[in-house]
Structure formats: C-alpha cells, structure tokens
Amino acid sequence: MNETEIKRIRTCQKEYFQTGATLPVARRLAALYKLKLAIQKYEQELLGALTADLGKSSSEGYMCEVGLTLSEISYMQKHLQRFAKEKRIMTPMAHYVSRSFTKSVPYGNVLIMSPWNYPVLLTLEPLVDAIAAGNTCMVKPSAYSPATTRVMKKLIEECFEEKYVALITGGRAENSCLLEQEFDYIFFTGSQAVGKEVLRRAAEHLTPATLELGGKSPCVVDQTADLKTAARRIVFGKYLNCGQTCVAPDYLYCHESVKEQLLGYIKAEITRQYGAEPLKNKDYGKIINEKHFARVSGLIDPAKVVAGGQVDRETLRIAPTVLDHVTWEDAVMQEEIFGPILPVLTYTSQKELMALINSRPHPLAAYYFSKDKQRIRQFTANVQFGGGCINDTIIHLATSHMGFGGVGASGMGSYHGKEGFDTFSHKKSIVDKKTWLDLPMRYQPYRKCNDRLIKMFLK
C-alpha cells in the first residue's frame with residue numbers, strides 16, 4: 001500500500017471518529033459481535049494460515065491464538081457496559097457543593113502494529129480492546145506471516161468499513177510511512193530494537209504509546225521444587241511455537257544440587273511431548289524464515305548440547321535443544337533466543353541469583369518453581385519483571401482478568417480485559433459544581449478572617 005493510500009485512510013478514520021459514530025456502547029458491542037462471528041467463520045482458514053506461516057498444528061493455533069481472541073471478545077461483551085460507565089469519585093470538602101467523577105473516552109484514531117510469532121492473537125486481541133474503548137483503528141501485521149495476514153485482511157474488510165478499521169499490508173516502507181503519520185495512540189508488539197524506533201517516532205508527535213517487547217525471561221528451579229512437574233511445564237512453555245514466544249523461558253537457572261536430576265526429567269519430557277524424533281513430528285512448529293533459522297541455529301554450541309541440537313534447513317526446523325555448562329559469556333546468553341534452545345545455568349545462593357537477574361535489563365516474564373513460600377515471596381517482591389508464574393510457565397498471559405505487559409526494557413503499558421480497555425481510553429477527571437451555593441472565600445480581595453476557614457477545608 002502506498003503513502004497516498006495510507007494518508008487517505010488515516011484522514012478518513014479521523015474524520016469518522018469526529019462524527020461520534022464509535023462512541024455509543026451499543027455501536028462498540030455490535031462491532032465486537034460482528035468481529036466474533038467473522039473469526040468463527042474464518043476459523044479454519046486462520047488455522048491453516050498459521051500452519052503455513054509457522055507450522056502450528058490446528059490444536060495449538062486454536063489454543064494459543066484463535067481461542068484466546070474469542071475469549072477476549074466474550075469478556076469485553078460481558079463487561080463493557082460497566083467499563084464505560086462514569087465512576088463517581090469522593091469529593092473533598094473544599095469543592096462543596098459538587099459531584100466528582102471520571103469518564104473513560106477513546107483516544108481517537110489508533111495504530112496497532114503486530115509481530116509474526118502470534119499473528120492472529122497479537123493483532124486481533126489489541127484490536128478488540130481498541131474497538132471496545134471506542135477508537136478507529138489502523139492495523140499493521142508483520143510481513144513475515146503473509147498467509148495469516150491475507151486471511152485477516154479478508155476478515156476485517158468483511159467486518160468493517162475502512163473508515164472504522166483498516167488492515168495495512170506491506171513491509172518496512174509501510175511501517176515507516178505509518179509512523180510518520182500523527183495518530184492519537186500507538187500500540188506496538190515486537191522487538192526491543194524496533195520498539196525504540198517506534199517510541200522515537202511517536203515522540204515526534206507527542207503520541208502516547210504502549211510497547212509490548214521481550215527480553216531474556218529467566219526460569220528458576222530451586223531445591224524444593226517438584227522436579228517432574230517443573231520439567232513438564234518448562235518443556236511446554238519453552239518449546240511451544242518452536243520457542244518463538246515472547247514470554248517463553250529464555251534460560252533456566254536451577255539450584256546446583258538438583259541440576260542433574262532436573263536435566264534427566266527435561267530430556268524425558270522432550271521425548272514424551274515431541275517424540276524420539278521431534279523434527280518428524282507434524283505438530284511441532286518451524287522457525288518463521290531462513291534469516292531467523294540461521295540466527296537461532298548459530299546459537300547452538302555443539303560442545304554444550306545435552307539434548308536435541310538437530311536442525312533441518314529445508315523445513316526450517318530446529319529440534320528442542322538443551323545446553324549445559326552455559327555461562328553469561330556464551331553467545332546464547334547475549335541476546336533473546338526466540339527459538340527452541342534452553343541454556344542451563346546453576347546457582348547456590350538465592351540472594352546472589354536475584355541480584356544477578358536484577359543487574360540485567362528487566363525481562364518480560366519470570367518463572368519460579370519452588371515449594372518454599374518464603375523464597376517465592378522474596379523472589380516476586382525483589383526481582384523486577386513484567387509478569388510471570390509460580391510453578392508454571394506462560395499461562396499468566398492467557399486471561400482477560402489480569403493485565404499483561406512489560407517493565408523497563410521489556411516494555412511499557414499493558415492490556416487484556418479491563419487493562420486493555422483502559423490502555424485505549426483516556427480517563428477524564430471532571431467536577432460538576434453546583435450553582436446554588438458559592439463560597440466567597442476563594443475570591444479576591446482576600447481577607448484574614450477567611451484564612452481559618454481555608455485551612456480547615458484544606459487540612
């Protein structure tokens with residue numbers, strides 16, 4: 001799509017928003033209902049496209065993308081009336097007589113930029129929140145997942161006029177053109193490097209933004225953990241979508257006293273979940289393209305492989321891999337892996353472990369496996385991360401009842417459910433002052449006799 005078309009659609013959406021057509025809650029609910037029906041209509045096409053782009057099985061595609069998107073719509077349909085209502089707020093005596101309230105209003109015309117690793121979920125779920133809040137939206141999926149983008153474009157064009165919601169196709173040129181436009185809000189999911197550029201471009205227009213990024217998310221297993229369960233849940237979270245999940249455990253820190261036993265369980269779980277030859281498992285995904293395949297496979301040190309390590313360039317598959325005796329100097333620890341490689345490190349002191357994690361850029365997620373409540377409290381209170389789980393991995397993002405987002409280098413802002421509605425809304429604070437009483441003490445000329453009353457009201 002060329003620059004002229006992008007500018008035309010943006011102008012059209014801004015003008016449409018200014019008519020007030022998206023403000024009525026009934027209009028928003030109707031749009032969500034229409035989107036839900038369209039997703040259900042194109043469900044099989046979406047699942048097929050996810051298989052084409054990422055090798056996802058239909059079960060994984062529904063569980064991790066289509067189903068979660070439908071769940072978010074259902075949540076919004078149930079709660080939107082309440083979210084959109086004015087909220088009465090306590091009024092201080094100094095404002096006597098008046099009524100104070102907050103009113104959530106849409107930002108206006110928003111831009112949603114989504115990545116390739118969960119192209120349905122990370123495109124349509126923020127769109128659900130933006131529509132629920134009453135915005136018009138321009139949506140830009142990644143060029144790396146073309147099959148899914150084609151289906152979503154057909155779906156959105158069937159649901160919405162482009163003055164309300166429009167999906168923009170293309171690559172870097174289109175991304176750059178979109179970021180040159182003046183939007184009322186930008187929602188970006190992707191890498192830290194691109195996130196910095198998005199924020200820089202947003203700042204040129206003083207546009208508020210949410211950044212959903214990533215980072216090296218640690219997974220800690222202490223000496224009290226249920227090792228079999230830990231292994232099963234770590235293998236699930238790490239190798240789901242061939243490791244291409246922003247909240248996947250990036251590396252494993254286990255107490256040195258349980259490392260060998262835990263590694264044994266992890267190896268057994270890889271075989272149990274993916275078979276003796278994972279590269280032949282039709283339900284195991286693939287790396288998105290040759291560029292990322294070369295990068296991820298280049299992080300495998302053959303001398304440190306204790307499980308997996310096999311690669312297939314033709315199918316862009318890398319077997320679930322475990323690396324042992326890893327240090328922070330290794331190449332695999334210098335960047336977010338975003339692939340099916342699990343480096344294993346050990347620790348002896350929880351205090352030193354927490355200090356080390358906190359000394360590095362704050363991760364999007366963190367996971368802690370333990371039966372020790374005191375250690376769990378110490379970890380969750382003292383380690384900085386976006387969100388996470390105790391005795392599990394990644395499931396904290398699969399709910400509309402809690403916000404999801406990063407902190408520091410892993411992002412800013414959050415969404416899902418009420419948090420998503422709030423993200424795409426501006427909350428106005430309003431005082432409705434009555435006219436039948438007007439206390440004179442605030443007006444000039446000031447009199448000493450009023451000072452005592454002013455102090456009484458403002459204590």
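For clarity, every value in this text was computed on a predicted model and none was experimentally measured.

Draft legend 1. Representation of the overall build of the protein chain. Broken down by element type, the protein chain carries 15 helices and 20 strands. For a compact globule of 459 residues, the expected C-alpha radius of gyration is about 23 Å, and the protein chain comes in at 25 Å, within 12% of that figure. Principal axes of the C-alpha set define a box for the protein chain whose edges measure 85 × 55 × 40 Å. Looking at the 459 residues of the protein chain, the share that counts as buried comes to 54%. Total accessible area on the protein chain is roughly 20800 Å²; 54% of this is exposed by carbon and sulfur atoms. The centroid of the 59 positive side-chain charges in the protein chain is displaced by 9 Å from the centroid of its 48 negative side-chain charges.

Draft legend 2. Summary view of the pattern of salt bridges. A full pass over the atoms with the stated rule returns 27 salt bridges. Salt-bridge contacts for R201 lead to E197; the nearest nitrogen and oxygen are separated by 3.1 Å. Of this pair, R201 and E197 both sit in helix 8 (residues 192–204), 4 residues apart, roughly one helical turn. Residue R375 is joined to D222 by a salt bridge in which the shortest nitrogen-to-oxygen separation is 3.7 Å. Here R375, found in helix 13 (residues 373–382), pairs with D222, found in the loop between strand 8 (218–221) and helix 9 (227–239); they are 153 residues apart in sequence, far enough to count as distant.

Draft legend 3. Structural detail: the state of the cysteines. Evaluated as defined, the whole model comprises 0 disulfides. Here C12 is not cross-linked by a disulfide; its sulfur's nearest cysteine counterpart is in C137, at 14 Å. C389 forms no disulfide, and the closest cysteine sulfur to it belongs to C219, at a distance of 9.6 Å.

Draft legend 4. Layout of the packing of helix 2 (residues 25–41) against helix 6 (residues 146–159). Following both chains from N to C, one finds helix 2 and helix 6 inclined at 145 degrees, their axes separated by 10 Å at the closest point. When you trace helix 2 past helix 6, the crossing you get is right-handed. Counting all contacts with helix 2, which are made through K34, L35, A38, I39 and K41, the residues of helix 6 involved are L155, E158 and C159.

Cut-offs applied
- Residues numbered from 1 in each chain as written.
- Predicted model: local features only at pLDDT ≥ 70, side-chain atom pairs only at ≥ 80, totals over all residues.
- Heavy atoms only, no water.
- Helix = DSSP H or I, 4+ residues; strand = E, 2+ residues; numbered from the N terminus.
- Rg over C-alpha atoms; globule rule 2.2 N^0.38 Å.
- Buried < 20%, exposed > 50% of the residue type's maximum accessible area, 1.4 Å probe, protein only.
- Areas by Shrake-Rupley, 256 points an atom, 1.4 Å probe, with all protein chains shown as cover.
- Lys, Arg positive; Asp, Glu negative; His and termini not counted.
- Charge placed at Lys NZ, Arg CZ, Asp CG, Glu CD.
- Salt bridge = Lys/Arg side-chain N within 4 Å of Asp/Glu carboxyl O.
- Disulfide = S-S within 2.5 Å.
- Axes fitted to C-alpha atoms, helices over the stretch in contact; angles between N-to-C directions.
- Left-handed = near helix turned anticlockwise from the far one by under 90°.
- Contact = heavy atoms within 4.5 Å.

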